[in-house]
Structures are given as structure tokens and as C-alpha cells.
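Architecture and fold: a report
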Amino acid sequence: MLWGDPAGGKSEAYFRAFGRFIEGLGGRFVTYADLGTDDRDMLYIRRETGYIAPFVSRAREESLGGKATAHGVLWGMRACCKAKYGVSSVKGRTVAIQGVGEVGCNLARYLDEEGAGLIITDIVYDAMKRVQDVVPSAKIVRPDEIYECDCDIFSPCAFGGVITQERAEKLKCKIIAGAAYDILESSSVGDYLHKKDILYAPDFVISAGELFQTSDGLQAATEQETIARACEIFDVLVGVFDYAERESMPPFRAARRMAEERIEHVGGVRSILAKAPQPEV
Amino acid sequence: MPENKTDKHRILAINPGSTSTKIAVFDNETAVLEETIRHSELDLSPFESIWDQYEFRKKTILEALRRNGIDVHSLTAVVGRGGLLRPVVSGTYEVNQLMINDGREGVQGQHAANLGPVLAYGIGWDFGIPAFMVDPPSVDEFEPMARLSGLKAVMRRSLSHALNIKATARLAAVDMGKSLNELNLIVAHMGGGISVCPLRKGRIVDANDANSGGPFTPERAGTVPTMGLIDFIFDNKLGREEAKRELIGHGGLVSHLGTNSAKEVEERVRSGDEHAALVYQTMAYQIAKEIGAMATVLMGDVDAIVLTGGLSGSEMIVGWIKERVGHVAPVMVYPGEDEMEALVLGSLRVLRGEEKAKTYPETVDTLPL
């Protein structure tokens, strides 16, 4: 991860150095555009390495990425409802969305179409207005009120680290399912949620929708393919919940273990062919 | 919320018009910034509806504050002019979601002023300060008989220049050394639209609805004979919006004299244009007639007649009106209008604890019939 101030710390050399570093990892790491980067930055990286997610313009990526992630979260919520209520539908449920930027706004629209009630918050009013212009029934609450509001599903779609022990104690929801990364302050908070019977959909599973913009082989997927594949998150999460129940552990721990097992299994695969000798230059 | 009158409040007032957004910043009662931000046709052309102009107008407001060296973090409250909302009692309201939804839907029509509350709310939210709306045009304190027309399906609506009317009435009360709620006044706001309202103990108990009736104005038709109006619309095969445009915008002085400029008409009158004189004097005649009608609403118990708005700066108009209504009650004249100050004063009354902010929509007991 590059961590810095996009307003002053970016340059061609900075991103090309990053590209060379990634190239040196030989495909063990693939990068892609995210917060604070633009098309030019990605072009600089691409000059040094091919290990970069398919290049799409930032505008398209934000638009499609937002939709794909929101679709993934919606399917994840359905999986959570199936596990919690026995019905894989959000109809009639109240969902509190924290952060209604690109992803949260799309998610709000999809949830409204599915018949869910909405509570939204954001630090910027304009983002909420955009939601309310489409879904006038969406209720607005202050950012610090979102943790205590009456809802079935709490959906953090803004920043990480928002679920602290103190906030976890206030939550009235039965499910946490959102697009933000690393929303748990610590694993112990995840264990507490499990004890409190709040089903937490692991963030790195439910927020994976935008990764489907890339098909196998680092080729760009079409919008239709991306959206269609985002529904796979439903099956993955059902698998995680089944594993967690079988092993009597919180789903976030189950998801980690499943990921570790997969890495271990794939890492153990050996090729029977020797690598072709590289021509001398 | 501070309640001490000596506390300093810095209030941003926002008044969106069709092609401009007026803003003002007041430190208590003192204006430190007043600016009219003009929006060209090109600026507004990308937006399908007035409501869609929200982010554009908000950006221009914040830019204007920055350009004038006003730190937005120094604001303690923001107030927006109210639009065509639900009928409500007079007062200062905290902006809430229902008000914003009504502005978006245009419950009594679409108007740039519908953006006032949402602009105030948006800026208030982003900077953590309270957002208010004061005396929208839909202030409704009508008494039951004021609501009926002669056609059951068509009710009379309370729409007026309530913000300036209430503010001017308060000024007049101060000048008379009395409280507004012990006075009976007739206030005529005379501008592009003309509202004539009887205020019984401070409440607007009737009004002509400047878009639908009363005196004709520089650009509105006012009351028109109904049979003639029906023939006019059908003979000219006018659609709903075309008919509205003829009555509001193409009526009054525009219809008779081809201009909405009172200044231009007065020059024509002075230079001997007899037709212009007839039309201009008729406008004053109709205003006086409306004042007379409203005096009957107050059973003739009228403490003062108050003239305000841009046209009250015209000696000609004021003189002609005084000739006809001077016998009813003393005539007090407050030329011009200061909606920005009225918005700020309404907010200050709440911030100082002199008045409790109302929760929208607060309606009078007599609503609905």
C-alpha cells in the first residue's frame, strides 16, 4: 500500500519505483487503482510492470467499481439474512448505511429496490441528498447516532476501524455487512460480536465485488460480467457461515482459516515442467 | 445554544432566486457581507430541474464566502428563504427532512426558493451549525371564511410575501411603540408581485395570493374576469404552462405597456403619455381597492396601513394610494425590502431564546376546513 498525501507527494518517479518493486515480486502481488490515485499514476506503474489490474479509466472504475462492490454487498446481505433469519432476502429489513459515497449510494438504491428500509449517514450532506433524491424515504441520522439506531443490518461503507468495543456494545443490529475494509478495531471485538449473536460478514469477503472487474488472467471484464460475478459472494459467504458453524467459531475467524488453507493448498502445487532457459542478452 | 443578547452570532442568509442566489453574512444585526451571485443561462442549462441546481449553488455560495474572506467555520447558524411549502404558521423553523422532501416535490409548486432550506441544511450539516427557515410564502394563518371561493373545488390559498410582510409589520409596531400582537394592520408588499394582507394581532388572516388575484402588478395579471379569462385561454388554445405565463410574467404593466419597469412607466407618465398614466394609476387604484377590501376583514378596526416593497419608493404610487385609503387609517411607508435581514432577525430571535424554533409543519388550528 502506498500511504501519503495525494495532493503533494505524487510524482512519475514515485509510481515507477513502485512499479519496479511490484515487478520484482514476480506476480506474487498485483496492484490496482484506489483512493488518491488517478489514470496518470496507473500509467506510470504500467510502464514498469504488467502486474497491474486491467487498466480502466478512473471514471469508469469508480462507476463500475461502486456498482460491483454494492452488488457484492447486497448478495452478502442476502447470505447473512439466510443464515440469521432463514430467508435470503432483505425485504422488510431496515439497513443502516454508514457512508453513502459511490458504493453506499448504489447499495442504498439496490436495497430500496429490494424493499428494505434505509437509515443513512455521512459526514458530507451532498452525498446523502443524492440518495434521498432517489429514495426520499431514506432517513438521515447524525454520524455518531448510526451505531445506536434501530436496524436489522448495519452496513459500514466508509472507513475502517469503526467497530470498537464501546460501539459494539451499543449496536442494536443483528447483522454487520458493509463494504469498508478492516472495520473491526481488533479480533477481540469480532469475538464479542459473535457472543452478542451479531452476525458479522467478514469484510474481505463481502467487499470483494470490485475485484470482479478483472477476469482471470488480468483481463478487464465487461460490466455485465462484473455484476453477474459479484453474486458469487453469496455462495462464498454461505460457505464461510457453514464452516464457522461446523467448527464453532466466529465467521471472521472461519474466513481467515479458509483463506489460509487455500493459500497453503495452492502454494503446495508444483509444476512438472522446468522453466524454459532465458536467452542471454 | 447561547441565549445572551451580547453573544456574537455570525449568520449566513441564503435567498435563491431564479437566476441569482443572494447571500448575506450578519454579525448579529450588522451586515458584514451582502452579495448577489448571478447565474447565467449557461450556468443553469446543465440542470434538468431547479432541485438539481443544489450542488452548483452551494459551491458558488462557499466560493463567494471564501472570496470575501469569510471563514465558513466562523458561522454560528445558516438560514434559507422558504419556498412553496405546506401551509404553516408564521415563525422560525428548524430545517428538517420533511421540509426538504416537500421542497423537492414542490407541494405547492416549483420555485428557486424551494432550494433555500436544503442549501441551509447542507451547509449546516457539513459545518455542524443549526439551519433555519423563516416565514415562507406558504405562511397560513387564514381564518375559515378566507379559505372559500365560490367554487367548492377551488380553495383560496394563503401564499404571500410573508417574510417581508411580517418583518415590516414588526418594524411598524416598534415605530408605533406597541407590540405586534396588539395591533391590527394592513400590509401591502408592492414589488414584482403584490401581496395585500390584513394582520389581526400579528397573524396574516387573509391575502390576495399575488399569482392568482388582487391588484395587477408590474408583470402579473391579478384578478381577471373569469369568463373573459376562460375565453382567452380557449380562443388562443393555451396549455396550462402557457396560460400561467400569460398571467404571471406577461400580465400587468407588461401586458398594457410592454415593460415591467415602473421607472420607465413613470418617465412616460411625466412626459405626457396618457395611456401609461391611466394604466399606472389603475394599478394604484386596484391596490387601494384591495386594501379597502382587507379593511372589511378587520371590521374597519385598522391601526395602520403599511406600504412596503420596491414600489413603495414611488411617490406617484404611494400618493395615489394615500388619496384613496387615508381615511381608513394612518399610512406608514417602508420603501424597499430586506429579506436577508428578516431571515437573520428570525434566526436571532431563536438563537437568543426570544422565540422557540418551530418544527415543520406547524399548522393553524383552523386547517384544514
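**Regarding the overall build of chain B**
- When helices and strands are tallied, chain B shows 13 helices and twelve strands.
- Along the three orthogonal principal directions, the C-alpha set of chain B runs to about 55 × 50 × 45 Å.
- Sequence separation of 24 or more characterises 69% of the internal contacts of chain B that already satisfy a separation of 6 or more.

**Quick look at the domain arrangement of chain B**
- When the domains of chain B are assigned, the result is domain 1 (10–142 + 340–359) and domain 2 (162–336).
- Classifying every residue of the side of domain 1 of chain B that touches domain 2 of chain B by side-chain character gives seven nonpolar, one polar and three charged.

**Concerning unusual backbone geometry**
Residue and element names in this part refer to chain B.
- In this model, Tyr 360 is joined to Pro 361 through a cis peptide bond whose omega is -5°.
- Mapped onto the secondary structure, Pro 361 falls in the segment after β12 (358–359).
- At Asn 28, a position not held by glycine, the phi torsion is positive, near 50°.
- Secondary-structure assignment places Asn 28 in the loop between β2 (20–27) and β3 (30–38).
- Classification of Asn 28 as partly exposed rests on a count of 16 C-beta atoms within 10 Å.

**A look at the nonpolar core**
- Ranked by size, the top nonpolar core spans 157 residues in total, and within it Ala108(A), Ile120(A), Ala13(B), Val79(B), Ala120(B), Phe132(B) and Ile287(B) carry the most contacts.
- Per-element accounting of this core gives the leading share, ten residues, to helix α3 (residues 58–85) of chain A.
- Each residue touching Ile120(A), except ones within four places of it in the same chain, is listed here: Ile97(A), Val100(A), Ala108(A), Met128(A), Val131(A), Ala138(A) and Ile140(A).

**Some thoughts on the interface of chain A and chain B**
- Across the boundary between the two partners, chain A contributes seven residues, which contact nine residues of chain B.
- At four residues, the largest contribution of residues to the side of chain A that touches chain B is made by helix α5 (residues 125–134) of chain A.
- Each residue belonging to the side of chain A that touches chain B can be placed in one class, and the counts come to four nonpolar, no polar and three charged.

**Digging into the sheet that holds strand β1 (residues 94–98) of chain A**
All names here are of chain A.
- Pairing is parallel in the open sheet, where six strands are placed in the order β3-β2-β1-β4-β5-β6. Both edges of this open sheet fall to β3 (139–140) and β6 (199–200), since each of them pairs with a single strand only.
- Pairing analysis gives two bridges linking strand β5 (residues 175–176) to β6, with the strands arranged parallel. Within β6, the position partnered with Ile 176 by the bridge is Tyr 200.

**A few points about the packing of helix α10 (residues 232–247) of chain A against helix α11 (residues 251–267) of chain A**
All names here are of chain A.
- The N-to-C vectors of α10 and α11 enclose an angle of 105°; their axes lie 8 Å apart at closest approach. One element, α10, and the other, α11, form an angle in the roughly perpendicular class. Packed against α10, whose contacting residues are Val 240, Phe 241, Tyr 243, Ala 244 and Glu 247, the element α11 presents Pro 251, Ala 254, Ala 255 and Met 258 at the interface.

**Observations regarding the domain arrangement of chain A**
- If you check the domain split of chain A, you get domain 1 (12–52) and domain 2 (59–259).
- On a C-alpha basis, the centres of domain 1 of chain A and domain 2 of chain A stand 29 Å from each other.

**Describing the pairing of strand β8 (residues 194–200) of chain B**
Residues and elements named next belong to chain B.
- Judged by how many residues are buried, β8 sits mostly within the fold: six of seven residues are covered.
- Inspection of the sheet shows strand β7 (residues 184–190) paired to β8 by seven bridges, in the antiparallel sense. Residue pairing in the sheet places Leu 185 in a bridge with Leu 199 of β8.
- Connecting β7 to the next strand, β8, in antiparallel fashion are three residues.
- As paired elements, β8 and strand β9 (residues 203–204) share two bridges and run antiparallel to each other. Its bridge partner lying in β9, Arg 200 is registered against Arg 203.
- Where β8 folds back onto β9 in an antiparallel hairpin, the turn is made up of two residues, including Lys 201, whose phi is positive at roughly 50°.

**Some details on the pairing of strand β4 (residues 77–81) of chain B**
All names here are of chain B.
- In terms of burial, β4 is a largely internal element, five of the five residues being buried.
- Residues of β4 alternate between two faces, with Ala 77, Val 79 and Arg 81 on one and Val 78 and Gly 80 on the opposite face, all of them buried.
- Both strand β1 (residues 10–16) and β4 contribute to a ladder of four bridges, which runs parallel. Bridging across to β4, Ala 13 finds its partner in Val 79.
- Looking at chain direction, β4 and strand β6 (residues 131–134) are connected through four bridges and run parallel. From the neighbouring strand, Val 78 faces β6, where its bridge partner is Ala 131.

**Overview of the packing of helix α10 (residues 262–270) of chain B against helix α11 (residues 274–297) of chain B**
All names here are of chain B.
- Here α10 crosses α11 at 130°, and the two axes come no closer than 8 Å. Accordingly, the angle class assigned to the pair α10 and α11 is oblique. Classified by chirality, the crossing of α11 by α10 is left-handed. In this structure, α10 contributes Val 265, Arg 268 and Val 269 to the contact, and α11 contributes Ala 276, Ala 277 and Tyr 280.
- Looking at the contact of α10 with α11 residue by residue, the class counts come to five nonpolar, no polar and one charged.

What counts and how
- Residues numbered from 1 in each chain as written.
- Chains lettered and ligands numbered in written order.
- Predicted model: local features only at pLDDT ≥ 70, side-chain atom pairs only at ≥ 80, totals over all residues.
- Helix = DSSP H or I, 4+ residues; strand = E, 2+ residues; numbered from the N terminus.
- Contact = placed C-beta atoms within 7 Å.
- Domains from an automatic or database assignment.
- Nonpolar A, V, L, I, M, F, W, Y, C, P; charged D, E, K, R; others polar.
- Buried ≥ 20, exposed ≤ 12 C-beta atoms within 10 Å, placed from the backbone.
- Core = buried A, V, L, I, M, F, W, Y, C linked by C-beta atoms within 7 Å.
- Pairing = 2+ DSSP bridges.
- Axes fitted to C-alpha atoms, helices over the stretch in contact; angles between N-to-C directions.
- Parallel < 35°, antiparallel > 145°, perpendicular 65-115°, else oblique.
- Left-handed = near helix turned anticlockwise from the far one by under 90°.

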